[in-house]
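# Working through the structure, step by step
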Amino acid sequence: MASSSSLSRSWLYHVFLSFRGVDVRKSFLSHVRKGLESKGIIAFVDDEIKRGESVGPVLVGAIRQSRVAVILLSPNYSSSSWCLDELVEIMKCREEYQQTVMTIFYQVDPSDVRKQTGDFGKAFEETCVGKTEEVKQAWRQALKDVAGIAGYHSSNCDNEAEMINKVASDVTAVLGFTPSKDFDDFIGIGARIRKIKSKLILQSEEVKVIGVVGPPGIGKTTIARVLYNQLSPGFPFSTFLENIRGSYEKPCGNDYQVKLCLQKKLLSQIFNQKDIEVLHLGVAPEMLSDKKLLVVLDEVDSWWQLEATANQRFGPGSIIIITTEDRKLLKALGLGSDHIYKMKLPTTTESFRIFCQYAFGKKSPDTGFESLAWEVTGLSGSLPLGLRVMGSYLRGMSRDYWIEALPRLRSSLDTEIESILRFSYNSLSDKDKALFLHIACFFSCFRCGVDSIKSCLEKSGLDVNHGLQVLAHKSLISIENGYVEMHCLLQQLGREIVKKESLEYPGDRKFLMDTKEISVVLEEDTGTGKVLGVKLDTSESKEIQISKSAFQGMKNLQFLHVTSYTLCIPEGLNCLPDKLKFIHWKYCPLRFWPSKFSGKFLVELIMQNSNFEKLWEGIKPLHCLKRMDLSYSESLTKIPDLSEATSLEELDLRYCISLLELTSSIGNATKLTIFYLRGCFLLKELPSSLINLEKLDLRDTAIEKMPSSFSTWSWLYRLDITGCTNIKDFPDVPDSIVELVLSCTGIEEVPPLIGNLFRLRKLFMYGCAMLKTISPNISKLENLEFLALCNFCETESDYERLYISYQHYKPNLFEAVIYWDSHFERTWKLQSDFNVHYIFPICLPEKALSSPISLLLRGDSLETLPDCIRSLSQLIRFTVSACENLVALPPLPGSLLSMDAGGCDSLERIDSSFQNPNAFLYFNDCLNLNREARNIIHTSACKYAFLPGEEVPAHFTHRASSGTLKINLTSAPLPSSFRFRACILLSKGELNDNSLMDVSFRVGSKQNGFIVRRGSSKGPIPTLRGYEGHLYVFEDSFSLNEEFPEAEETTFSEVTFVFRIRNKTWKVKGCGVRILEAPHYIIDGNAEDDVDHGDDVVDNDNDGDKDESADEGEGSIRQRFCFNYRKKKGKSTTNRVLKD
């Protein structure tokens, strides 16, 4: 059974390394990895896996799909349940899949591993606490089995390097091959290989399939070749079918014969037989259905190729790797995202190093070539193909040669790059080719949205919706966040194709992009009807003059994009082509619109920063116009008649500072949803017909009041009237409003109608100096998430800046945040400079009074807190940290589980008690707490508390001036179950390590009778700002019956507590204990410091920094206490150890 299972395994890794990080990660392990890598051995190391409570599916998969497992057994290996679970899985794979297991005993005796004795055994027993018998037995058996495997012993070896070399050589012998090193120098490929393998690991199918998709030249074939080289030794049959699309012509009509040919090649390479006959398409499935195969199908571009190869029956354990530019093919094969790896471009740093590898034979440039190397790297757009070709082209050349070659590299495409990129272009239909050229030569030259492209090409006959999907599936474009992006080398390919339409006469090409060529065409008026688009950028050119008839010959011009400070049109323009759909002309020098232009096809008109005083007179047929942007046109006094603009969706007139009024014809734009008027300082009135608006920006206008119909604008969800100082009344907004920005207005009152805005999520009223009254109805808004009510701060950034750093004026700023819902993920936030006792109770959401919530209050203006906090009957967490002027805490509800007042330097008084036994109290750095407040904290029935203090309080009846405390007892019985309260005095050392710490305690004794240890973890201790002493107080219980049922009647003779801390930032200066709920016992001795209680009570320092899910980590405080007791007569005194 094991043998057959082994034959069907897919070995993704040569070696799996199992180790305890704290023992070997930074030393011995790194040398082992280096030794394996020197021989080309691929090892799986769980560096990037997030540790949890159990070994996850990725790790289990990695173990099962590694040919060899190397186990580094070290002193703390058994202190990690993670390592032990790994070991159990490894030993299972050894049995079921014939996985080879090698052991290295590093500073540990194999006998201790086998029998779980010594320090190794102690660590193991601790790890077993709380685990089921089944788990513990599985661990013990695995340790016994692994210790029986002949391995390498560090104690028997004088030279670690020789031992590691021997391990690597033995692994190579087991693998039975010499691993390939052909791609060892490929930068960044290791991380990509690991991601692909992780996808393979998680696949549960018997036959694993992975698709590698990406644009041409990104390195799909290379990464497939690396995978093939690494995996093929583990397969009895394997083949790499390279460049399938280039090897087979696309069939016309019947594809049966070409499928037979492809299957024949597949079978011939798998079985290494040239004379295989494939008479029908059933031959391949018959021959391959029981074979374990590794097949790479490289550069697939048609479905028939997958039908003939990948869509077959393969034997269990087979792996099929497909590289393609067409994601749609992978979807057609039924592959989901878990089976597809999308290739990404190298990072900027990786690209630079890759280029240097080809150009200089090393990962950095020669002296004097640094800036040149960076520029060429940029020209390649980080595409590995471009990096290789350009680097190889320049290799060995002088610096002068590089400088002379740069202009050519900037303007033209290398023939090798072009030939590879052309494959994808040539496979497109005529319509998709045309769409590709539109994007490459025009729309990709600036940030253009998908919707904009669709609108501009809607009636072009290019079937743009489907075409964009085709280009995206074939990795020729990407669509990210609603914008179309194309790689710069693909853009260059499109431009080369268009340029070849007419090498000598630019005016005869479809698209013009070169500034010099466009200048000549416009100056000499040589543009023809073939020109569809012009993209002109003269930002780096000298002044360009064009004639008034420059566009007269371009009768079919549809797309015009001009960015120019230097364009000069002394006579103006007498016409623009009527077929123009898209005009984007920033800094247009024209004062008046050309008289000959109908605009009937115009979709977008973007004329930012223009010199226009007005556009056209009269009415134009603007039925297609969807977007008009005349922002920052400071001379514009009126906008054109929009009577026919029935498709207009967005109108942007920001900072048209001379604009006096809006034409009434704007009411015909019934589809207008977005309207920007910010900075139109002279605009006083708004038309009442804009009933379909969704977003309206009136910031810094002279508007005095909103239209009378405003409350009926039922689509409006965002209104911004910031800076409209003439507005005195709260606007009568429709109940559709979601975001309302009323900052820096003259509004005096938030009226009761606010309660009707049930959809409102955000209300901004910064800098409303006249605001005095807030209606309590604001508390009824169940969807409200953010509320700013400030007289002083004018913006949110002002609020944050003033909150962080006060200079000459200190406003009454504060912030309140409420978190709610099951995981406290929803928030309600109030920012204000009103008096907190007035504003907080008014704005407090009604549902906060009866819902489980967490409340945060912060602000240096807070001296006392509102009494309404007491009425929050389900307040779970309350934080007022860093409120430096807070003097007193009010009465608080009994539901409180966490109180954090850390950093409240002025806090003196606490008018509340904390009686919830599960509460956590943080008063760190509260140095001015009075005696009554400290006493409340010391005696509160909380789970733990943290507060300043220089000595252990007297009511802790047993105290010591160190970290060790022993309490002597008489023979009177101490109950086997009791509660206790402990206090630890901490002082800060010279170092300032901000790592958090936790407290744990253990119970043990070593007298006649039983040895009992108990441990439990406590909550985190916060970081401190100063060096003052602090007290950590907590309450807990111990039940001997739960730990050891046989010991139900006992007599204790002593109790020992030990507190230890590893973090060098902290020191334990003292401790104290008060035993609770334990009547009838008599203390007959005093506390003793620094008791020597033996190794069974206190562990050595090397019992483990656990790097995952550990009870004790770096910076942990440990508290241990032990009991010496005897059992009643007639009962045995067998020694037994219990651990947590």
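An unreviewed UniProt entry annotates the protein as ADP-ribosyl cyclase/cyclic ADP-ribose hydrolase originating from Raphanus sativus. For the record of the protein, the UniProt heading Catalytic activity (unreviewed entry) holds the text "NAD(+) + H2O = ADP-D-ribose + nicotinamide + H(+)".

### Thoughts on the overall build of the protein
Tallying secondary structure elements over the protein gives 30 helices and 49 strands in all. The buried share of the protein, reckoned over its 1140 residues, is 55%. Residue pairs in contact within the protein that sit at least 24 positions apart in sequence constitute 60% of those at least 6 positions apart. Accessible surface computed for the protein: about 49,600 Å², of which carbon and sulfur atoms make up 47%.

### What to know about the sheet that holds strand E7 (residues 237-241)
Strand-to-strand pairing in sheets goes through backbone hydrogen bonds, with the strands running parallel or antiparallel. As summarised here, the arrangement of the 5 strands in space is E7-E8-E9-E6-E10, forming an open sheet in which the pairing is parallel. Edge positions in the open sheet fall to E7 and strand E10 (340-342), since each of these has one partner strand only. When strand polarity is set aside, the average angle formed by the axes of neighbouring strands in this sheet is 15°. The strands that helix H10 (residues 189-202) touches are strand E6 (208-213), strand E9 (319-324) and E10; relative to E6, the one it contacts most, it runs at about 145°. Strands E6, E7, strand E8 (293-300) and E9 of the sheet are contacted by helix H11 (residues 220-231), whose axis makes an angle of about 170° with E8.

### Remarks on the packing of helix H22 (residues 430-441) against helix H25 (residues 488-499)
As a packed pair, H22 and H25 sit with axes 8 Å apart at the nearest point and diverge in direction by 110°. As judged from the angle between their axes, H22 and H25 are roughly perpendicular. You can see that H22 and H25 cross each other, and the crossing is left-handed. Here H22 contributes Phe436, Leu437, Ala440 and Cys441 to the contact with H25, which in turn contributes Leu490, Gln491, Leu493, Gly494, Arg495, Ile497 and Val498. Of the residues belonging to the contact of H22 with H25, the class tally is 8 nonpolar, 2 polar and 1 charged.

### A closer look at the environment of Tyr922
Checked against the element boundaries, Tyr922 lands in strand E37 (residues 920-922). Taking the C-alpha atoms as reference, Tyr922 lies 4.6 Å from Asp900; in sequence the two are 22 residues apart. Within the local environment of Tyr922, its side chain forms a polar contact with the side chain of Tyr944, the two groups lying 2.7 Å apart.

### Section: the environment of Thr566
Summarising the element assignment, Thr566 is placed in the loop between strand E16 (559-563) and strand E17 (567-568). Take Thr566: its relative accessible area is 21%, and that puts it in the partly exposed class. A sequence separation of 23 residues divides Thr566 from Pro589, and the C-alpha atoms of the two residues are 9.1 Å apart. Engagement of the side chain of Thr566 in a polar contact is seen with the side chain of Thr538, the distance being 3.2 Å.

### Let's talk about a nonpolar patch on the surface
Together, Leu660, Phe681 and Leu682 give the surface a local cluster of nonpolar side chains, amounting to about 300 Å² of exposed area. Mapped onto the secondary structure, Leu682 falls in the loop between strand E22 (674-676) and strand E23 (695-697).

### Side note on the pairing of strand E31 (residues 826-832)
Strand direction decides the pairing type here: strand E29 (residues 786-789) and E31, joined by 4 bridges, are parallel. Residue Leu787 lies in a different strand from E31, and its bridge partner there is Leu830. Bridge analysis of strand E30 (residues 814-820) against E31 gives 7 bridges, and the strand direction is antiparallel. Across the sheet, Glu815 pairs through a bridge with Gln831, a residue of E31.

### Here's the deal with the sheet that holds strand E1 (residues 13-18)
One open sheet accounts for 5 strands, arranged E2-E1-E3-E4-E5; its pairing is parallel. The open sheet is flanked by strand E2 (43-44) and strand E5 (152-153), the only strands paired with a single partner.

### Considerations on helix H9 (residues 160-175)
The terminal C-alpha atoms of H9, which comprises 16 residues, lie 23 Å apart, in line with the 22 Å expected from a rise of 1.5 Å per residue. Listing the buried residues of H9 in full gives Met163, Ile164, Val167, Ala168, Val171, Thr172 and Leu175. On its buried face, H9 sits against E1, helix H3 (28-37), strand E3 (66-73), strand E4 (100-105) and E5. Count one or two residues on from H9 and you reach Gly176, which has phi positive near 75°.

### Some thoughts on the packing of aromatic side chains
The full count for this structure, using the stated rule, is 37 aromatic pairs. Note on Phe28 and Tyr106: the rings are 4.4 Å apart at their centroids and 20° apart in plane angle, and the pair reads as stacked. On the criterion of sequence distance, the pair formed by Phe28 in helix H3 and Tyr106 in the loop between E4 and helix H6 (110-115) is long-range, its members being 78 residues apart. Judged by relative accessible area, Phe28 falls into the buried class, the value being 1%. The exposure class assigned to Tyr106 is buried, which follows from its relative accessible area of 8%. Taking the centre distance of 5.2 Å and the plane angle of 70° together, the rings of Phe369 and Trp402 count as edge-to-face. Of this pair, Phe369 sits in the loop between helix H17 (348-360) and helix H18 (370-379) while Trp402 sits in helix H20 (residues 399-411), placing them 33 residues apart in sequence. The two residues Phe369 and Trp402 agree in class, both being buried. The structure contains a cluster of three or more aromatic residues connected by ring pairs, namely Phe920, Tyr922, Tyr944, Phe946, Phe980, Tyr1032 and Phe1034. Directly above the aromatic system of Phe240 lies the positively charged group of Arg225, at a separation of 3.7 Å from the ring centroid. Arg654 extends its terminal NZ or CZ atom over the ring of Tyr676, reaching a point 5.2 Å from the ring centre.

### Examining the pattern of salt bridges
What the rule picks out here adds up to 35 salt bridges. The partner of Lys291 in a salt bridge is Asp290, and the shortest N-O contact between them spans 2.9 Å. Judged by its relative accessible area of 56%, Asp290 is exposed. Note that Arg718 is salt-bridged to Glu739, the shortest N-O span being 3.0 Å. Note that Arg718 is positioned in strand E24 (residues 718-720) and Glu739 in strand E25 (residues 739-741), a separation of 21 residues in sequence. Here Arg718 falls in the partly exposed class, since its relative accessible area comes to 22%. Each member of the salt-bridge network shares a partner with another, and the members are Glu604, Arg627, Asp629 and Glu650.

### Here we look at the pairing of strand E27 (residues 762-765)
Of the pairings in the sheet, the one linking E25 to E27 comprises 3 bridges and is parallel in character. Bridge assignment links Glu739 to a residue of E27, and that residue is Lys762. Where E27 lies against E29, 4 bridges are found, and the strand directions are parallel. Each bridged residue has a counterpart across the sheet, and for Met765 the counterpart in E29 is Leu789.

### Quick notes on the state of the cysteines
Inspection of every chain in the model, using the stated rule, returns 0 disulfides. Between Cys883, a free cysteine, and Cys904, which holds the nearest cysteine sulfur, the sulfur-to-sulfur gap is 4.9 Å. Judged by its relative accessible area of 0%, Cys883 falls in the buried class.

### Considerations on unusual backbone geometry
Even without being glycine, Gln107 reaches a positive phi, approximately 60°. With respect to the helices and strands, Gln107 occurs in the loop between E4 and H6. Phi angles above zero are rare outside glycine, and Cys744 is one such case at about 55°. Here Cys744 lies in the loop between E25 and strand E26 (749-750). Cys744 gets classed as buried once you look at its relative accessible area, which sits at 15%.

### Section: helix H28 (residues 836-843)
Here H28 has its buried residues at Val836, Ile839, Phe840, Ile842 and Cys843. The buried residues of H28 all sit within an arc of 165° when viewed along its axis, so they share a single face. Here the buried face of H28 lies against strand E28 (773-774), E29, E30, E31 and strand E32 (853-858). Two or three places before His837, at the opening of H28, Asn835 has a side-chain oxygen 2.7 Å from that residue's backbone nitrogen.

### Observations concerning the packing of H10 against H11
Two numbers describe a pair of packed helices, the interaxial angle and the distance between the axes. Packing of H10 against H11 leaves a shortest axis separation of 11 Å and a crossing angle of 70°. Our classification of the angle between H10 and H11 gives roughly perpendicular. Where H10 crosses over H11, the two elements pack in a sense that is right-handed. Contacts between H10 and H11 pair Ile189, Arg192, Ile193, Ile196 and Lys197 from the former with Thr222, Ile223, Val226, Leu227, Gln230 and Leu231 from the latter. Tallied by class, residues from the contact of H10 with H11 come to 7 nonpolar, 2 polar and 2 charged.

What counts and what doesn't
Within every chain, residues take consecutive numbers counted from 1 along the sequence as written. Whole-chain, interface and lining totals are the exception, using all residues; otherwise, since this is a predicted model, local features are given only for residues with pLDDT of at least 70 and side-chain atom pairs are given and counted only at 80 or more. The side-chain values count all of the structure's non-hydrogen atoms but skip hydrogen atoms and water molecules. UniProt positions are given in the numbering used here, feature names are shortened, and annotations may be inferred rather than shown by experiment. A run of H or I in DSSP counts as a helix once it spans at least four residues, and a run of E counts as a strand once it spans at least two, with each numbered from the N terminus. Each residue gets one of three labels from its accessible area relative to the maximum for its type: buried under 20%, exposed over 50%, partly exposed in between, using a 1.4 Å probe on protein chains only. Whether two residues are in contact is decided by their heavy atoms, any of which lying within 4.5 Å being enough. Per-residue and other accessible areas follow the Shrake-Rupley method at a 1.4 Å probe size, with only the shown protein chains counted as cover for residues. By definition, two strands form a pair when at least two bridges between them are found by DSSP. Between the N-to-C directions of two axes lies an angle of 0 to 180 degrees, each axis being a line fitted to C-alpha atoms and, for a helix, fitted only over the stretch in contact. To sort the angles, those under 35 degrees are grouped as roughly parallel, those over 145 as roughly antiparallel, those from 65 to 115 as roughly perpendicular, and the leftovers as oblique. Left-handed describes a crossing in which the near helix is turned anticlockwise from the far one by less than a right angle; the clockwise case is right-handed. Ten residue types, Ala, Val, Leu, Ile, Met, Phe, Trp, Tyr, Cys and Pro, are classed as nonpolar, four, Asp, Glu, Lys and Arg, as charged, and the remainder, Gly among them, as polar. For this analysis, a polar contact is any N or O atom pair within 3.5 Å, provided that within protein one partner can donate a hydrogen and the other can accept it, and provided that sequence-adjacent residues contribute only side-chain to side-chain pairs. What goes into a patch is any residue over 30% in relative accessible area without a salt bridge, connected to like charges within 9 Å or, for nonpolar side chains (Val, Leu, Ile, Met, Phe, Trp, Tyr), within 5 Å. In what follows, salt bridge is the name for a side-chain nitrogen of Lys or Arg lying within 4 Å of a carboxyl oxygen of Asp or Glu. A helix is expected to span 1.5 Å for every residue after the first. Pairing of aromatic rings covers Phe, Tyr and Trp, the last counted by its six-membered ring, and requires centre-to-centre distances within 6.5 Å; plane angles under 30 degrees mean stacked, over 60 mean edge-to-face, and any other angle means tilted. Both a distance and an angle decide whether a charge sits over a ring: NZ of Lys or CZ of Arg must be within 6 Å of the ring centre and within 35 degrees of the ring normal. Cysteine sulfur atoms are paired as a disulfide whenever they fall within 2.5 Å. Summarising the geometry, the arc corresponds to the directions from the helix axis toward the C-beta atoms.

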